[in-house]
Amino acid sequence: MIITQNVARAIKSSSIRWMFSPCICIALLMMIIAASPSYAQLTPMENTELESITGAAGFSIAIKNVQIFHHIDAFRYCASDEGYIEFQNFFMHGNGNPAKFNYDFGTTVTDSGIIHYDVFETDVGSPNDWSGDPIVADDALVRGMILTDVPNWDQELGFTIGNIAFFDPDYDVNPVNLGSFTMGLIDMPRFSTYTSPRIAGSGIDFQTSFQLTIDKIGYAYNDSCDALEICPTYIGGSFVDGSDDPKNPASWMPNRVVPQDFGDFQIGDLFGDMTAVDPVDYHSNPAMIDSAECDIYPDDGIPGGKDDVIWGFLNLKLPMEGSLRFESATWYVDSAGPTPDVVNFGPGAIDGIQVHRLNLQLIP
């Protein structure tokens, strides 16, 4: 592991942006820690050396030249009625090879793969309770946060599910083949995540931001290899400027002769804007995740009915903002045959997404 002292830097609410998948970072970090020191060419530090290291603004970890080839024969989720959904032949891969992360074969030295980690406190607007009550002076508060920031990330990553099987014991004695799924390659040049304990409650509040380009999202079904492919897909902040034409993918920011940055898609807002004139923009609107148990069904009057059971569930609140575009949505009929029928529905654009409230309860 390489641990370096990070340069102290001011954190301002007006400059905060987000991250996509901390799970990938954690998994890669665990792999690096467990890897052979000779492979990474790192020198272990003694306890006395570690005790002498201090950091004024967190620490940074570098993940370089990582390859992962991951295959799962079957991943099954079983329901209480003995039904299940099963993902068969799951592959995590690259371009026909292992997935690669910040991989340059040692020929160049870049800053990709550096993960900055920090803990801090900052002033934020209070979370919006959507009551419509006027904002008062004590609406501002100080919030502790953990920041995981990856400003430059390079990867060659894709996912493939060979078959999706669904079994309902009340429907048939055999599982139903729902087809295959593929996604990739996935480019994510940067991401960041802020997490904070819930204020006056339980669970975790967070804000995450990222930019994605997905070469292909494909779903094949039926024995005749009918398929739907969406490619490529761009997920970010905004594509709109004076040269943009949503009907012409060549005019989109990432496709120009000199590609333009199209910003970050963001889920949650931990900060708000305490300088905003409009009170609606003052409040923060964090994403939230929590697990709980309660009676979530109304009284149905049936002894032993759903209302008489305490259910465990995962509660998600996911406000978000950004834009999504794809260059083509193509429907293939018998794509494996000698003369497949092809229908191209053309490009699609969903710009200026503003999801103020999205509440999900996932119940097993």
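Everything quoted here is computed from the prediction, not taken from an experiment. (Residues numbered from 1 in each chain as written. Predicted model: local features only at pLDDT ≥ 70, side-chain atom pairs only at ≥ 80, totals over all residues. Heavy atoms only, no water.)

### A few points about the confidence of the model for the protein chain
Short version of the rule: One confidence number per residue, pLDDT, is output by the predictor and ranges from 0 to 100. Contacts are assigned to residue pairs with any non-hydrogen atoms lying within 4.5 Å of each other.
With 77% of its residues at a pLDDT of at least 70, the protein chain reaches an overall mean of 81. Low pLDDT (under 50) marks residues 1-41, which in the prediction has 83 contacts with non-local residues, meaning those over four places away or in another chain.

### Details of a nonpolar patch on the surface
Heads up, the condition is: For patch detection, residues must exceed 30% relative accessible area and be free of salt bridges, and they are connected within 9 Å for like charges or within 5 Å for nonpolar side chains (Val, Leu, Ile, Met, Phe, Trp, Tyr). Here, Shrake-Rupley sampling with a 1.4 Å probe gives the accessible areas, and only protein chains in the shown set may cover a residue. Salt bridges are counted wherever a side-chain nitrogen of Lys or Arg sits within 4 Å of a carboxyl oxygen of Asp or Glu. Here a helix means four or more residues in a row that DSSP labels H or I, a strand means two or more in a row labelled E, and each is numbered from the N terminus. Here's how the labels work: a residue is buried when its accessible area is under 20% of the maximum for its type, exposed when over 50%, partly exposed in between, all with a 1.4 Å probe on protein chains only.
Residues Phe59, Tyr117, Val119 and Ile146 make up a contiguous nonpolar surface patch of about 310 Å² in total accessible area. Along the chain, Tyr117 turns up in strand β7 (residues 114-125). Its relative accessible area of 31% is what places Tyr117 among the partly exposed residues.

### Some thoughts on the side chain of Arg198
Selection rule: Polar contacts, as counted here, are pairs of nitrogen or oxygen atoms within 3.5 Å of one another; within protein the pair requires one atom able to donate a hydrogen and one able to accept it, and residues that are adjacent in sequence qualify only if both atoms are side-chain atoms.
Note that Arg198 resides in the loop between β12 (191-197) and β13 (204-210). Judged by relative accessible area, Arg198 falls into the buried class, the value being 19%. Reaching out from Arg198, the side chain makes a polar contact with the backbone oxygen of Ser202 at a distance of 2.7 Å. A polar atom in the side chain of Arg198 sits 2.4 Å from the side chain of Asp205. Setting aside residues up to four positions removed in sequence, Arg198 forms contacts with Arg143, Gly203, Ile204, Asp205, Met288, Ile289 and Asp290.

### Some remarks on the nonpolar core
Soluble globular proteins tend to pack their nonpolar side chains together in the buried interior. Rules: Put simply, a nonpolar core is a bunch of buried Ala, Val, Leu, Ile, Met, Phe, Trp, Tyr and Cys residues held in one set by side-chain atoms that sit within 4.5 Å of each other.
Formed by 28 residues in total, the largest nonpolar core has its most connected members in Met92, Phe101, Phe210, Phe265, Ile267 and Leu318. When contributions to this core are tallied by element, the ones reaching two or more residues are β3 (66-68), β5 (84-93), β6 (99-101), β9 (155-167), β13, β14 (212-214) and β17 (265-267). At three residues, β9 tops the list of elements feeding residues into this core. Counting seven residues, the second-largest nonpolar core is a separate cluster that includes Phe120, Met145, Tyr194 and Phe271.

### Quick word on the pattern of salt bridges
On inspection of all chains with the given rule, the structure shows twelve salt bridges. Here Lys100 makes a salt bridge to Glu156, at a shortest N to O gap of 3.8 Å. Remark: Glu156 occurs in strand β9 and Lys100 occurs in strand β6; sequence separation between them is 56 residues. For the salt bridge of Arg325 with Asp351, the shortest nitrogen-to-oxygen distance reads 2.6 Å. Taken together, the positions of Arg325 in strand β20 (residues 320-333) and Asp351 in strand β22 (residues 348-355) put the pair 26 residues apart, joining distant regions of the chain. Three or more residues are tied together by salt bridges with common partners; here these are Arg143, Arg198 and Asp205.

### Some words on the environment of Thr330
For Thr330, the position within the fold is in strand β20. Residue classification places Thr330 among the buried positions, given a relative accessible area of 7%. A sequence separation of 14 residues divides Thr330 from Asn344, and the C-alpha atoms of the two residues are 4.3 Å apart.

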